[in-house]
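Below are the chains, spelled out letter by letter.
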Amino acid sequence: MSQTVHSSGEQPDENRRDFLTLATTAVGAVGVGCALLPFVDSMNPSKDVLALASVEVNLANIPVGQAIKVMWRGKPVFIRHRTEREINEANEVALNELVDPQSDDARVEKKEWLIVVGVCTHLGCIPMGTATGETRGDYDGWYCPCHGSHYDTSGRIRRGPAPLNLVVPEYEFLTDTSVRIG
Amino acid sequence: MRKFALTAIAAAFAVTAFTGGVAKAAGGDQPAPAAQDWSWQGLFGTYDRAQLQRGFQVYKNICAGCHSLRFIAFRNLEGIGFNEDQIKAIAAEYDIEDGPNDDGDMFTRPGVASDYFPSPFPNEKAAAASNGGAIPPDLSLMNKARVGGPDYVFGLLTGYEEEAPEGFDLADGKYYNHYFPGHQISMAPPLYDEAVEYTDGTPMTLEQHARDITAFLNWTAQPELEARKALGMKVILFLLVLTAMMYAVKRKIWRDIEH
Amino acid sequence: MSAPQWNNKVVKWVDDRLPVISMLHHSAYEYPTPKNLSYMWNFGSLAGFVLVTMILTGIFLVMNYTPHTDMAFESVERIMRDVNYGWLIRYIHMNGASMFFICVFIHIFRGLYYGSYKAPREMLWWIGILILLAMMATAFMGYVLPWGQMSFWGATVITNLFSAFPIIGDPLVTWLWGGFSVDNPTLNRFFSLHYLMPFVILGLVVLHVWALHSVRSNNPTGVEIKTPADAIPFHPYYTIKDLYGMGVFLIFFSAFVFFAPDFLGHPDNYIPANPLVTPPHIVPEWYFLPFYAILRSIDFTIFGIPAKLLGVLAMFASIVILFVIPWLDTSKVRSSKFRPVYKWFFWLFVIDTFILGYCGAKAPDDYFLGIPGLKVIVMGQLSTLYYFAHFLVVMPLVGKLERTKPLPASISESVLKEGANA
């Protein structure tokens, strides 16, 4: 507003930006800012949503060689009970062959259980290969039908447009056969 | 300025008169329940956690037999001072219906923190059928949903009379209560001395039980109360400062104007 | 008042193509305002502020509200319990409705006292009445959304008013409901309209301000601005005065939101709607009480017109009549300050509306203020009579018969005189 030039020549107090006016403006601005915070925060996950932010999964019913899908925070999580052969496959790859180099050890807590978020890191489709009989891609893991990304038995991206490995969620084994995700 | 203040006072008065009128109009011939002292009243009032926990004990052991508490989840009990492990233990005492499972069947499992308190009856018809046609109301909002609020709830719980007054025609299966509209209530007197065993040495009288459950129900109705008042204090203090400053600026700007 | 020159190149570029900055400059900066406005003139901008607050809180509430009879009540409770600061946003919105009406009612009484409806401000006054009507519709539909007992039964009673009209009444009500009772279709359309109406109000407010700025503000003397000495630029004088008033008002508002959030509401609305049980005493929100009293006070037939229809007509007439008061008021003088007789009638009218409000809150067969023998319904009828008589009899007659006090030659003169007396 200080850009204006009054044609009438009247200039009421305009340039006397004294301390009082400045201080009041500052306090008022802080007030407006604080008043907006609750509105912004109201768009964050609410308490009932946060309460469901972790799920406990019973692993006892998953035979070796099979995988299940569970819902976690509105997204699928793949839990695969890996065979000895799959574990070896995952460990035998040289890291420098990988698009997103990561060792299998860094991606699992227990060798026989692979737990990854089932969302393709390319554009968010759900890769195939969890249910028995679905195509698992060229690397025995998952295959994303949207744009042809292939994941291996450690959920790492091996071929296709996806830039990163399938994300490993935070999880914790409560017992040998139950795990809490989130 | 004077006129402004007068108007503000008049407006406040008018609003008070209106709502006061409304509150009274909603009553019948029953007396207004006596005002009690509650810990959460006043500008700085807060809940007494120990009292809320005793009240929860009363709810769990007595009210829960008939009354649901559907807006309260076990995780909310953090608000009355339970920690995560205690909440897990409390939740696990309840059977929660879940499902369908992979076979398409519903099943029950122990509760977890994110579950809500289960209703004692599967639906309203079942509730009515088990209670002589009267549906026990949900208690989550009880203290906000009755004229008189906590005073009414406390009055009702302590306002039973073993014998209806002479000449009062009490229907079968009804009980005489001073404060219930029409005086005939379907709920049998729920509380009595030593109805619940307190472990903290609080006297186990009917009145104390009633006081505690009322406090608990006030928390279920207004769990935000403490946060609300605390924030309110800050907001009003801030506004007082800002308004005083704006008044000073206003004085300064208007200094040279005859008005 | 020539167009201002802009030094900033961006500002100038925009303004040369769309003179929105010049427009704002004219209307919120250099707008010549009478220098003698009292604090009663604060309530217009306060109402505008509350409108913005209502729209803002409303938008955020909608993010978590579900307009379905099965879930509306639950979703509101979820807002109160689980959504971050949901309780704050909802309590602001709930109490904001009352604050809006407080501001607007004071604003209207201000206009009545100082004759702000008189020529050349009729259009300004009309738009104001339209805003009031739109507000009432919005508030009514908003109250239905939480789907509590008062929501449901308020909606039932008010929509049933339209059944009073002969022939078209029943089909009209069915059409309003989208069914044979207030139900999910009703809730859905009320939600849709409740979201729409505030923006209609906003549009009306723009017209209201536009009209105001072309006829200029009235002032306590009722004498128009005659010389430049009578006026001061809106900024900084009235911006700071409005802001200061807003501070005071916000303290009042906050006291309700934080310390008595349910004081203005009705407990029954915390009971989920139940189409099988009517609450023993249905009362509208306080801001509708005077109109409700007028509706109820007609319990007799005239010329074979049934009481129900008369009541509805009287209620609508109580607002519609405001449209014609620029012509009912025959006085040459605007401000009641210089109208020694009318001034008393004005305050009588104010008291009358308060009595109507009280009557609206009470059951018809109660006694007025507990006075034996004086039924609320009778008092309501007398007050209704005066309500209309004030406009139809008092205004034309007093305007003709009253000897008004001499008017000051100008605003400046009155200011100087008062300064000398003080």
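Now for a look at the structure at hand. (Residues numbered from 1 in each chain as written. Chains lettered and ligands numbered in written order. Predicted model: local features only at pLDDT ≥ 70, side-chain atom pairs only at ≥ 80, totals over all residues. Heavy atoms only, no water.)

This next bit is on the overall build of chain C. Counting secondary structure elements, chain C contains 16 helices and three strands. Taking 2.2 N^0.38 as the reference for a compact globule, 422 residues should give roughly 22 Å; the C-alpha atoms of chain C span a radius of gyration of 24 Å, in line with that estimate. Along the first, second and third principal axes, the C-alpha set of chain C runs to 65 × 60 × 45 Å. With 422 residues in all, chain C has 58% of them scored as buried. Taking the intrachain contacts of chain C between residues at least 6 apart in sequence as the baseline, contacts between residues at least 24 apart amount to 79%. (Helix = DSSP H or I, 4+ residues; strand = E, 2+ residues; numbered from the N terminus. Rg over C-alpha atoms; globule rule 2.2 N^0.38 Å. Buried < 20%, exposed > 50% of the residue type's maximum accessible area, 1.4 Å probe, protein only. Contact = heavy atoms within 4.5 Å.)

This part takes up the pairing of strand 9 (residues 171-175) of chain A. Residues and elements named next belong to chain A. Inspection of the sheet shows strand 9 paired to strand 10 (residues 178-181) by four bridges, in the antiparallel sense. In the strand pairing of strand 10, phenylalanine 173 is matched with valine 179. Hairpin remark: strand 9 followed by strand 10, antiparallel, with two residues in the connecting loop. (Pairing = 2+ DSSP bridges.)

The next point concerns the interface of chain B and chain C. A common way to express how large an interface is: the accessible area buried when the components associate. Opposite the 53 residues of chain B that make contact, chain C presents 56 residues. Taken together, the two surfaces of chain B and chain C that pack against each other cover about 5,000 Å², and 77% of this comes from carbon and sulfur. Put simply, chain B and chain C have three salt bridges between them. Ionic pairing is found between Asp262(C) and Lys144(B), a salt bridge with its closest N-O pair at 3.9 Å. One can count eight residue pairs in polar contact (both at pLDDT 80 or more) joining chain B with chain C. Mapped onto the side of chain B that touches chain C, the elements with two or more residues apiece are helix 1 (2-25), helix 6 (206-221) and helix 7 (225-254) of chain B. With 17 residues, the top contributor of residues to the side of chain B that touches chain C is helix 7 of chain B. Its residues assigned to classes, the side of chain B that touches chain C shows 33 nonpolar, nine polar and 11 charged. (Buried area = accessible area lost by both parts, 1.4 Å probe. Salt bridge = Lys/Arg side-chain N within 4 Å of Asp/Glu carboxyl O. Polar contact = N/O pair within 3.5 Å; in protein donor to acceptor, adjacent residues only side chain to side chain. Nonpolar A, V, L, I, M, F, W, Y, C, P; charged D, E, K, R; others polar.)

A separate point is the sheet that holds strand 6 (residues 140-144) of chain A. Residue and element names in this part refer to chain A. Overall, antiparallel pairing links the three strands, which are arranged 6-7-8 in an open sheet. Bordering the open sheet on either side are strand 6 and strand 8 (157-159), each of which pairs with just one other strand. The sheet shows a mean angle of 35° between the axes of neighbouring strands, taken without regard to direction. (Axes fitted to C-alpha atoms, helices over the stretch in contact; angles between N-to-C directions.)

If you look at the biggest cluster of nonpolar residues, it comprises 138 residues, and the most contacted ones within it are Phe101(C), Leu112(C) and Phe391(C). For Phe101(C), the contacting residues outside a window of four places in its chain are Leu132(C), Met135(C), Met136(C), Ala139(C), Trp286(C) and Tyr287(C). In this structure, Ile90(B), Val196(B), Phe216(B) and Trp219(B) belong to the second largest nonpolar core, which totals 42 residues. (Core = buried A, V, L, I, M, F, W, Y, C linked by side-chain atoms within 4.5 Å.)

Further remarks concern the state of the cysteines. Here the structure, examined in full by the defined rule, presents one disulfide over all chains. Each sulfur of the disulfide joining Cys125(A) and Cys146(A) lies 2.0 Å from the other. For the disulfide bridge between Cys125(A) and Cys146(A), the dihedral angle about the S-S bond is near -95°, and by the sign convention the bridge is left-handed. On the criterion of sequence distance, the pair formed by Cys125(A) in the loop between strand 5 (113-117) and strand 6 and Cys146(A) in the loop between strand 6 and strand 7 (149-152) is long-range, its members being 21 residues apart. The class for Cys125(A) is partly exposed, based on a relative accessible area of 21%. Free of any disulfide, Cys63(B) has its nearest neighbouring cysteine sulfur in Cys66(B), separated by 9.2 Å. Residue classification places Cys63(B) among the buried residues on the basis of a relative accessible area of 15%. (Disulfide = S-S within 2.5 Å.)

Between two aromatic rings, the relevant description is the distance of the centres plus the angle of the planes. On inspection of all chains with the given rule, the structure shows 56 aromatic pairs over all chains. Ring geometry for Phe101(C) versus Phe288(C): centroids 6.0 Å apart, planes at 70°, classification edge-to-face. Highlighted residues: Phe101(C) in helix 5 (residues 86-113) and Phe288(C) in the loop between helix 10 (234-259) and helix 11 (289-297), separated in sequence by 187 residues. There is no split in this pair, since Phe101(C) and Phe288(C) are both buried. Arranged with centres 5.3 Å apart and planes meeting at 75°, the rings of Phe252(C) and Phe256(C) form a pair that is edge-to-face. With Phe252(C) and Phe256(C) both in helix 10 and four residues apart, the pair spans about one turn of that helix. By relative accessible area, which is 25% here, Phe252(C) ends up partly exposed. Three or more aromatic residues joined by ring pairs make a cluster, and in this case those are Trp41(C), Phe109(C), Tyr113(C), Tyr114(C), Phe346(C), Trp347(C), Phe349(C), Tyr387(C), Phe388(C) and Phe391(C). Lying over the aromatic face of Tyr198(B), Arg54(B) brings its terminal NZ or CZ to 5.6 Å of the ring centre. (Phe/Tyr/Trp six-rings, centres within 6.5 Å; stacked < 30°, edge-to-face > 60°. Lys NZ or Arg CZ within 6 Å of the ring centre and 35° of its normal.)

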